[in-house]
Protein chains: 2
Amino acid sequence: MKNETLVVRKWDMFELSLNGPRTGNPFVDVDVNATFEYGNRQVRATGFYDGDGVYRVRFMPDTEGEWHYTTHSNVRELDGKTGSLFCDAAAPESHGPVRVRNHHHFAYADGTPYFPFGTTCYAWTHQPEALQAQTLETLKHARFNKMRMGVFPKHYIYNENEPLYLVYETDADGNPDFARPNVEAFRQFEKQVAALMSMGIEADVIVFHPYDRWGYCDRSYEDDARYLKYLVARLNAYRNVWWSLANEYDFLLDVKPVAQWDRYFHIIEEHDPNRHLMSIHNGEVSMKFDHRKPWVSHVCVQDWDVKRTDQWRREWGKPLVNDELEYEGDIPRPWGNISAQEVVHRFWITVTRGGYAGHGETYMHPDDELWWGKGGVLRGESWKRIGFLRELIEEDVVNGLTPLAEEGRWEWSRVSGARDGDYRLIYFGEHQPKEWAIGLPMEDGDYEIDLIDTWEMTITPLEKAPLPVSPALRQRGGELRGGEPEAAFGVHLPGKPYQAVRVRRRK
Amino acid sequence: MKNETLVVRKWDMFELSLNGPRTGNPFVDVDVNATFEYGNRQVRATGFYDGDGVYRVRFMPDTEGEWHYTTHSNVRELDGKTGSLFCDAAAPESHGPVRVRNHHHFAYADGTPYFPFGTTCYAWTHQPEALQAQTLETLKHARFNKMRMGVFPKHYIYNENEPLYLVYETDADGNPDFARPNVEAFRQFEKQVAALMSMGIEADVIVFHPYDRWGYCDRSYEDDARYLKYLVARLNAYRNVWWSLANEYDFLLDVKPVAQWDRYFHIIEEHDPNRHLMSIHNGEVSMKFDHRKPWVSHVCVQDWDVKRTDQWRREWGKPLVNDELEYEGDIPRPWGNISAQEVVHRFWITVTRGGYAGHGETYMHPDDELWWGKGGVLRGESWKRIGFLRELIEEDVVNGLTPLAEEGRWEWSRVSGARDGDYRLIYFGEHQPKEWAIGLPMEDGDYEIDLIDTWEMTITPLEKAPLPVSPALRQRGGELRGGEPEAAFGVHLPGKPYQAVRVRRRK
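Computed from a predicted model, the values in this text were never measured in an experiment. (Residues numbered from 1 in each chain as written. Chains lettered and ligands numbered in written order. Predicted model: local features only at pLDDT ≥ 70, side-chain atom pairs only at ≥ 80, totals over all residues. Heavy atoms only, no water.)

## Structural notes on the overall build of chain A
Argument step 1. A tally of helices and strands in chain A yields nine helices and 32 strands.
Argument step 2. Against the 2.2 N^0.38 benchmark of 23 Å for 507 residues, chain A shows a C-alpha radius of gyration of 25 Å, consistent with a compact globule.
Argument step 3. Counting only C-alpha atoms and orienting by the principal axes, one finds that chain A spans roughly 90 × 55 × 40 Å.
Argument step 4. Sorting the 507 residues of chain A into buried and exposed places 63% on the buried side.
Argument step 5. Looking at chain A alone, contacts between residues at least 24 apart form 69% of all its contacts between residues at least 6 apart.
Argument step 6. Of the roughly 18,100 Å² of accessible surface on chain A, a fraction of 47% belongs to carbon and sulfur atoms.
Argument step 7. Across chain A, the 60 positively charged side chains and the 79 negatively charged ones have centroids separated by 3 Å. (Helix = DSSP H or I, 4+ residues; strand = E, 2+ residues; numbered from the N terminus. Rg over C-alpha atoms; globule rule 2.2 N^0.38 Å. Buried < 20%, exposed > 50% of the residue type's maximum accessible area, 1.4 Å probe, protein only. Contact = heavy atoms within 4.5 Å. Areas by Shrake-Rupley, 256 points an atom, 1.4 Å probe, with all protein chains shown as cover. Lys, Arg positive; Asp, Glu negative; His and termini not counted. Charge placed at Lys NZ, Arg CZ, Asp CG, Glu CD.)

Here you go:
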């Protein structure tokens, strides 16, 4: 290999390809990694075997300028290789990996706010190529910016077909050989991670899940650890990767106890110099993980009781993503058959309580092409309204929304509202007041006020109106209670459900 | 007074009128009560002063046959009066007071099941007579069988008019004289309790509440205790009385701490030989009373999070009545502006999780005639569907509904269902499966199955269908999970929200 300087853009992937041994079991026998240096800073990148005698070390530079690398290996021909790369400015569409910011929110590494509006296609990368292409086509116009997707294929109702590639090579007895990953399967998976990256979609990579008929859940702890190292070595240099340790970790507790899950987090940390976001998703609503652990970057929950979003957020002190508030659909499973209107309702409640929500779609289909499992096309009605909500949020929110519940009024346990400075978004949902004031600005000013019909996706200007009811409510023998005015003004509303009010200060 | 035998029907009221002193303050100075004897059994009835030198002792006989009484008093002319009454069989429409039965349910004293479907008109007995008459007229066709109503008038938004009668006489300074109840006010109140009784409606009498401008909340503990004795003496012989110690007791905690509430329960017990039902209602959802205390007969809650009904029921081990799951209406208060559909939805969820729910209506009105405060007419849409639900329950339920959640399947945290032996009622709400099996009978048989549209109030027969999805779901490396069949058969459903399925065994 020649010692030449290659150019790579910031947060893009630099890949070092090395030829090495093909004999024995290179997956197990050969260790290779590289140290990337920038001045006194050193970054360690773990390499992996990609078959056919090819070893790769991937690196995502985060600082512009010249980097030098040196390889390390237990095999002489892979050891001590050196070289340089020049890290150029990021491409205009590239903002780097997503990080936590402002305690409860996210931003890309370049500071651009990121508000997750994700969807779920658990096994889409395991479907026939044509269906995968259709999924990507759908995502072009669906306005989702995160995808939950499993490394492993899924065995479950409506998911009974064989995967495009088995994840491991097969031994003489027809069983998976956990010492030999099938590089075709991983190439396919990472090809689609890259495709999502090019569309600005984060890949929320589900590392383990319980829905298995191939024996993948039967691996030993050592097999799991080797798998994690391999997966992270292959994927960590894709800037759009998030590590979702599990779909429904609690259904695996009999084979992977909690301490083992902690250990999995640590193995990822050891091999991921980019510190991608890490979370873990529960099955039973009562079995949420202890998200306060420092290796959990943000809270991922499955729970339908979305008016508790601000409470969960407060309990764990991290960004809150409810990735399964139940899916739009009509299958005979309660997690997959709520109406489109209910999905949109739960998204609005979640967002106006300072959290983020994920979408999925489970309409029965003659060929079992349910979006949630296999991707393909969207057949429902909620995705359009979720896209509308995303646009509203991205138009104005800068620091992230803080629930009005934190200001102390009890009303926010029932109605949902949040603000970001002078920007306020109040969502009434099943509530249908004809007049309203609570949560509107306490000081008069030049405000632009709009009524938003969350289902019809219309925005209608509202005028200021007198405060609806006298605040000087006398209770208990003349004592004044609730005597403070609720706001500087009120608004008249149409008196029907699923409405929101937006307040912005005119500049 | 002549010693004659009067005839009174079981669970009707026997009233002993005695003439006594008018001088001093008879309310405070004179004690009168009577012992009613049936064989060796003795029942103590507390008497009260009704103005104009008249003292009354009321008694509700619960056993047919001859009773003898003797009065006791600190005033000679009221002491030692004796007499008899003959208790005849109950009137056909009279079933006696409502009691707890089967842990989580109610029945009248004669064993007839009672399923509460109540409404709320806090201050209806304090309105002009014409409006009170209109309220009774409305109740004739509204199909409610319980009314929450306050002894005291209400001072609150939309409740700013003066009451028909002040509850106490006024002293020289214009302040209420807590030593002198206004007998007109109590007569009016009990006249309406009796009117409800004649219509088969339980009077859930709210003893204290915080919404006051007359100084009633300023009474001392001694004043409260005297009031309780007076109220209970007057009302306990009405068989339809329930004691609701408070509307929103927690808003009164600064003047009435928890131990004092316990004491109020005890004072009622001391003067109520009929042991009417007793409950206490919270304001903040997080401030529910400790309903495990033995003097609390059933749980009364205010909470919107109705999918927790079965959990509350289990926690407290008593009948659960959610008397404020938010009201149908359009006022600018979140407890009083949910849609009719949402109210009906919450009623169905509550009932199909083994609880009971209460109604209220708060539509703005030019004369502030909101049903919840003043009665009058119903303007909404939920009351009709609640009546429909009541008829469904009364048609088939015998012992009361037990939540299917108690059978252990996790699905019942999301979808609601309950059974009473072979009778099953599954409510899908926002869920819209096209097929379903979970919760249907595990053994095949001759079942009558119906689809119920809870909003349209239609009942459509359903046929048995094959089980919708394979139950033999293999997970985790071949281990069988959920391998038991879900039911003996499935059903096809329309795939839209707010549907229920009813299963009955043909006789």
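Here the narrative resumes.
## Brief notes about the sheet that holds strand β8 (residues 98–101) of chain A
Backbone-to-backbone hydrogen bonds join strands into a sheet, with any given pair of strands oriented parallel or antiparallel.
Argument step 1. Sheet architecture is open: three strands sit in the order β8-β9-β10 (chain A), paired in antiparallel fashion. On the outer flanks of this sheet lie β8 and β10 (113–114) of chain A, each paired with one strand and no other. (Pairing = 2+ DSSP bridges.)

## Some remarks on the interface of chain B and chain A
Argument step 1. Between chain B and chain A, the contact holds 65 residues from the first and 65 residues from the second.
Argument step 2. Interface area for chain B against chain A, summed over the two sides, is near 5,100 Å², with a carbon-plus-sulfur share of 54%.
Argument step 3. Applying the counting rule to chain B against chain A returns eight salt bridges.
Argument step 4. Across the pair R333 of chain A and E486 of chain B runs a salt bridge whose closest N-O atoms are separated by 2.7 Å.
Argument step 5. In this assembly, chain B and chain A are joined by 26 residue pairs in polar contact (both at pLDDT 80 or more).
Argument step 6. At the level of elements, α7 (340–351), β26 (435–436) and β29 (474–475) of chain B are the ones that each hand at least two residues to the side of chain B that touches chain A. (Buried area = accessible area lost by both parts, 1.4 Å probe. Salt bridge = Lys/Arg side-chain N within 4 Å of Asp/Glu carboxyl O. Polar contact = N/O pair within 3.5 Å; in protein donor to acceptor, adjacent residues only side chain to side chain.)

## Concerning unusual backbone geometry
Residues and elements named next belong to chain A.
Argument step 1. Phi is positive for H103, close to 65°, though the residue is something other than glycine.
Argument step 2. Tracing the backbone shows H103 in the loop between β8 and β9 (105–108).
Argument step 3. Of the residues examined, H103 reaches a relative accessible area of 60% and is grouped as exposed.

## Quick look at the relation of the copies chain B and chain A
Argument step 1. Once chain B has been moved 0.0 Å along the axis and rotated by 180°, it coincides with chain A to within an RMSD of 0.0 Å. Taken together, the rotation and translation describe the operation of a two-fold axis. When C-alpha positions in chain B are compared against the rotation axis, the closest is assigned to D305 of chain B, at 4.1 Å.
Argument step 2. A share of 100% of interface residues in chain B that are also interface residues in chain A marks the association as one of identical surfaces. (Least-squares fit on C-alpha atoms with pLDDT ≥ 70 in both.)

## Here we look at the nonpolar core
Argument step 1. Among the nonpolar cores identified, the biggest contains 225 residues, and F36 and W243 of chain A together with F36 and W243 of chain B are the most heavily contacted of them.
Argument step 2. The contact partners of F36 of chain A, leaving out residues within four places of it in the chain, are F14, R41, Q42, V43, A45, V57, F59, W67, H68, Y69 and L85 of chain A. (Core = buried A, V, L, I, M, F, W, Y, C linked by side-chain atoms within 4.5 Å.)

## What about the packing of helix α4 (residues 221–235) of chain B against helix α5 (residues 258–271) of chain B?
Residue and element names in this part refer to chain B.
Argument step 1. Two elements in contact, α4 and α5, have axes separated by 9 Å at closest approach and are oriented at 35°. With respect to the hand of their crossing, α4 and α5 are arranged in right-handed fashion. On α5, the residues touching Y221, D224, A225, L228, K229 and V232 of α4 are Q260, R263, Y264, I267, I268 and H271.
Argument step 2. When its residues are assigned to classes, the contact of α4 with α5 shows seven nonpolar, two polar and three charged. (Axes fitted to C-alpha atoms, helices over the stretch in contact; angles between N-to-C directions. Left-handed = near helix turned anticlockwise from the far one by under 90°. Nonpolar A, V, L, I, M, F, W, Y, C, P; charged D, E, K, R; others polar.)

## Points about the packing of helix α7 (residues 340–351) of chain A against helix α9 (residues 382–396) of chain A
Residues and elements named next belong to chain A.
Argument step 1. Two numbers describe how α7 lies on α9: the axes approach to 9 Å, and their chain directions differ by 20°. One finds that α7 runs roughly parallel with respect to α9. For α7 against α9, the interelement crossing comes out right-handed. On α9, the residues touching A340, V343, V344, F347, W348 and V351 of α7 are S382, R385, I386, L389, L392 and I393.
Argument step 2. Taken together, the residues of the contact of α7 with α9 sort by class into 10 nonpolar, one polar and one charged. (Parallel < 35°, antiparallel > 145°, perpendicular 65-115°, else oblique.)

## Remarks on the state of the cysteines
Argument step 1. The full count for this structure, using the stated rule, is zero disulfides over all chains.
Argument step 2. Here C300 of chain B is not disulfide-linked; the sulfur of C121 of chain B is the nearest cysteine sulfur, at 16 Å. (Disulfide = S-S within 2.5 Å.)

## Examining the side chain of E190 of chain A
All names here are of chain A.
Argument step 1. Among the structural elements, E190 can be located in helix α3 (residues 183–198).
Argument step 2. Among the polar contacts made by the side chain of E190, one reaches the side chain of R234 at a distance of 2.8 Å.
Argument step 3. Each residue touching E190, except ones within four places of it in the same chain, is listed here: R58, R234, L235 and Y238.

## Remarks on the packing of aromatic side chains
Argument step 1. Scanning the entire structure with this criterion turns up 75 aromatic pairs over all chains.
Argument step 2. Taking the centre distance of 4.6 Å and the plane angle of 45° together, the rings of Y49 of chain A and Y55 of chain A count as tilted.
Argument step 3. Y55 of chain A gets classed as buried once you look at its relative accessible area, which sits at 1%.
Argument step 4. With centroids separated by 6.0 Å and ring planes inclined at 85°, the aromatic side chains of Y249 of chain B and W261 of chain B adopt a geometry described as edge-to-face. Within this pair, whereas Y249 of chain B is found in the loop between β16 (241–246) and α5, its partner W261 of chain B is found in helix α5, the two being separated by 12 residues in sequence.
Argument step 5. You can call Y249 of chain B buried: its relative accessible area is 4%. (Phe/Tyr/Trp six-rings, centres within 6.5 Å; stacked < 30°, edge-to-face > 60°.)

## Quick look at the sheet that holds strand β24 (residues 416–420) of chain B
All names here are of chain B.
Argument step 1. What the six strands build is an open sheet, ordered β23-β24-β25-β32-β27-β28; its pairing is antiparallel. Edge positions in the sheet fall to β23 (402–403) and β28 (458–462), since each has one partner strand and no second.
Argument step 2. Strand direction decides the pairing type here: strand β27 (residues 447–453) and strand β32 (residues 499–505), joined by seven bridges, are antiparallel. Looking across to β32, one finds that D450 is bridged to R502.

## So, helix α9 (residues 382–396) of chain B
Residue and element names in this part refer to chain B.
Argument step 1. Between its first and last C-alpha, α9 extends 22 Å over 15 residues, near the 21 Å set by a 1.5 Å rise per residue.
Argument step 2. Among the 15 residues of α9, 11 are classified as buried, and the element is accordingly described as predominantly covered.
Argument step 3. Among all positions in α9, only S382, W383, R385, I386, G387, F388, L389, R390, L392, I393 and D396 are buried. (Expected span 1.5 Å × (residues − 1).)

## Quick notes on the pairing of β9 of chain A
Successive side chains on a regular strand alternate, one facing one side of the sheet and the next facing the other.
Residues and elements named next belong to chain A.
Argument step 1. Side-chain alternation along β9 places H105 and A107 on one buried face and F106 and Y108 on a second face that is also buried.
Argument step 2. Pairing analysis gives four bridges linking β8 to β9, with the strands arranged antiparallel. When the bridges of β9 are listed, V100 appears paired with F106.
Argument step 3. Linking two consecutive strands that pair antiparallel, namely β8 and β9, is a turn of three residues; a positive phi of about 50° is found at N102 within it.
Argument step 4. When β9 meets β10, the two strands line up antiparallel, connected through two bridges. Note that in β10 the partner of A107 across the bridge is P113.
Argument step 5. Count of turn residues in the β9/β10 antiparallel hairpin: four residues, of which G111 carries a positive phi of about 95°.

## Concerning the pattern of salt bridges
All names here are of chain A.
Argument step 1. Summed over all chains, the structure comprises 106 salt bridges over all chains.
Argument step 2. With its nearest N and O atoms 3.9 Å apart, the salt bridge here joins K496 to D453. Taken as a pair, K496 in the loop between β31 (491–492) and β32 (499–505) and D453 in strand β27 (residues 447–453) lie far apart in primary sequence, 43 residues in all.
Argument step 3. Linked by salt bridges that have partners in common, E15, D50, R56, R58, E184, R187, E190 and R234 make up one network.

## With respect to the environment of N175 of chain A
Residue and element names in this part refer to chain A.
Argument step 1. Tracing the sequence through the fold places N175 in the loop between β13 (168–170) and β14 (176–181).
Argument step 2. Distance in space between the C-alpha atoms of N175 and G39 is 48 Å, their sequence separation being 136 residues.
Argument step 3. Not counting residues up to four positions away in its chain, the partners in contact with N175 are E169 and T170.

## A short note on helix α5 (residues 258–271) of chain A
Residue and element names in this part refer to chain A.
Argument step 1. Here α5 spans 21 Å end to end across 14 residues, near enough to the 20 Å set by a 1.5 Å rise per residue.
Argument step 2. Of the residues making up α5, those classed as buried are Q260, W261, D262, Y264, F265, I267, I268 and H271.
Argument step 3. Check the buried side of α5 and you find it contacts β4 (41–49), β15 (202–208), α4 (221–235), β16 (241–246) and β17 (278–279).

## Focus: the pairing of strand β7 (residues 82–88) of chain B
Residue and element names in this part refer to chain B.
Argument step 1. Bridge count for strand β1 (residues 5–9) against β7 is five bridges, and the pairing is parallel. Residue T5 lies in a different strand from β7, and its bridge partner there is S84.
Argument step 2. Note that strand β6 (residues 65–73) and β7 share six bridges and pair antiparallel. Counterpart to H68 in the pairing with β7 is S84.

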